[in-house]
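Structural characterization, general
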Amino acid sequence: MTPQHALWLPLFDDLADPALVAHLAAEAEEAGWHGFFVWDHLRWREPVAAVADPWIALAAIATTTSDLRFGPMVSAITRRRPAKLARETATLDRLGGGRLTLGVGLGSDRFGEEFSRTGEECDDRVRAGMLDEALDVLAAAWSGDVVHHHGEHYTVDGIRFLPTPVRRIPVWAAGFPGKLRPMRRAARLDGYFPVNLGSAERFAEAVAQVEALRGGTGPFDYIAEVGPGEDSAPYARAGATWVLTGFDPESLSVDHVRGVLRDGPPS
């Protein structure tokens, strides 16, 4: 299978302008890219200074493009109330005509202390429970049925979330390879994004592990990250259905992004 190709951008410094990012997304679509994904962070370590909100930027992207798949990649959704996120994601998906993909993960306090400095939960195990519960709330809300949820972390008492998304929003889960809980989470969803791999061989191992958990039923995405100009063919052979071209946040420039963008996706 030939993978689809997307740009994956941190919304930092020069790219903290949502209007500019929306123009870049339109240019990417014209150049033949299949997707345009953005980081979801409140802050980052120095020298990064400026950070844009991904959801506002994604709304702009939805209105300047017509075919690109888009979404946050990845979002630590435990920072967000799932009922509010249900409204936001359904609205954003409808704005884009059914093109939203939601990337989720635990996130980390390591790079920007964005949990500890804002009073968010820092314990990974607690956040994992919050993440799984939030995903249950989202799935119920997107169905259009009345949601009755009384969990350890969240309550939704008899609310119907209308309008629903255009179609069921695909959810991709990120996680470190070898960690069983993130892989099990991904196997229940629509895609797996193994992060910090470093090689196609390790990617292939991650694909095999999740396939064993899934039992190989139904469509499912495996997402790989490459650097600008890096050969994506080994990841395609290893089972990638999407390849994201990522950028170093601490050496980010509009000119570099635009140059990669205009070269088009790898053939």
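Right above here is the structure, for reference.
The text that follows walks through the structure, step by step, so that each part is easy to find. Computed from a prediction, not measured in an experiment: that's the story for all the values here. (Residues numbered from 1 in each chain as written. Predicted model: local features only at pLDDT ≥ 70, side-chain atom pairs only at ≥ 80, totals over all residues. Heavy atoms only, no water.)

1. Focus: the sheet that holds strand β4 (residues 102-104)
Spatially, 8 strands are ordered β3-β2-β1-β10-β9-β8-β7-β4 in an open sheet, and the strand pairing comes out parallel. At either end of the open sheet lies a strand with only one pairing partner, and these are β3 (69-72) and β4. With strand direction ignored, the average angle separating the axes of adjacent strands in the sheet is 25 degrees. Packed on one face of the sheet, helix α2 (residues 54-64) meets β2 (35-38), β3 and β4 and runs near 170 degrees to β3. Sitting on the sheet, helix α4 (residues 124-142) touches β4 and β7 (171-175), and the angle it makes with β4 is about 160 degrees. (Pairing = 2+ DSSP bridges. Helix = DSSP H or I, 4+ residues; strand = E, 2+ residues; numbered from the N terminus. Axes fitted to C-alpha atoms, helices over the stretch in contact; angles between N-to-C directions. Contact = heavy atoms within 4.5 Å.)

2. So, α2
Listed as buried for α2 are Pro54, Trp55, Ala57, Leu58, Ala60, Ile61 and Ala62. Against the buried residues of α2 lie α1 (18-30), β2, β3, α3 (82-95) and β4. Two or three places before Trp55, at the start of α2, stands the capping residue Asp53, its side-chain oxygen 3.0 Å from that residue's backbone nitrogen. (Buried < 20%, exposed > 50% of the residue type's maximum accessible area, 1.4 Å probe, protein only. Polar contact = N/O pair within 3.5 Å; in protein donor to acceptor, adjacent residues only side chain to side chain.)

3. Notes on unusual backbone geometry
Residue Pro47 is bonded to the preceding Glu46 through a cis peptide linkage, with omega at 15 degrees. Mapped onto the elements of the fold, Pro47 is located in the loop between β2 and α2. The omega torsion of the bond from Met73 to Val74 falls at 0 degrees, within 30 degrees of zero and hence cis. In this fold, Val74 is placed in the loop between β3 and α3. If you check the backbone angles, Asp13 has positive phi at about 50 degrees while not being a glycine. Residue Asp13 is classed as partly exposed on the basis of its relative accessible area, which comes to 32%. Here the phi dihedral of Asn196 falls at roughly 55 degrees; this positive angle occurs in a residue that is not glycine. When you line up the elements, Asn196 lands in the loop between β8 (191-194) and α6 (200-214).

4. Some points on the environment of Arg184
Examined against the element boundaries, Arg184 turns out to sit in helix α5 (residues 180-187). Looking at Arg184, the relative accessible area reads 47%, which means it is partly exposed. Distance from Arg184 to Pro234, taken between C-alpha atoms, is 25 Å for residues 50 residues apart in sequence.

5. Quick look at the layout of surface pockets
By volume, the largest pocket amounts to about 1,200 Å³. As for the largest pocket, its lining consists of 45 residues, of which Gly107, Ser108, Phe111, Phe176 and Val195 are closest to the centre. Sorting the residues of the lining of the largest pocket by element identifies α4, β7, α5 and β9 (221-226) as the ones contributing at least two each. With 5 residues, α4 is the largest single contributor of residues to the lining of the largest pocket. Taken together, the residues that form the lining of the largest pocket break down as 21 nonpolar, 9 polar and 15 charged. The calculated volume of the second largest pocket comes to roughly 230 Å³. As for the second largest pocket, its lining consists of 14 residues, and the residues nearest its centre are Leu135, Asp136, Ala139, Arg188 and Leu189. (1 Å grid on protein atoms, 1.4 Å probe; cavity = no way out; pocket = protein on both sides within 12 Å on 5 of 7 lines; lining within 4 Å. Points joined across faces, edges and corners; volume = space filled by probe spheres on them. Nonpolar A, V, L, I, M, F, W, Y, C, P; charged D, E, K, R; others polar.)

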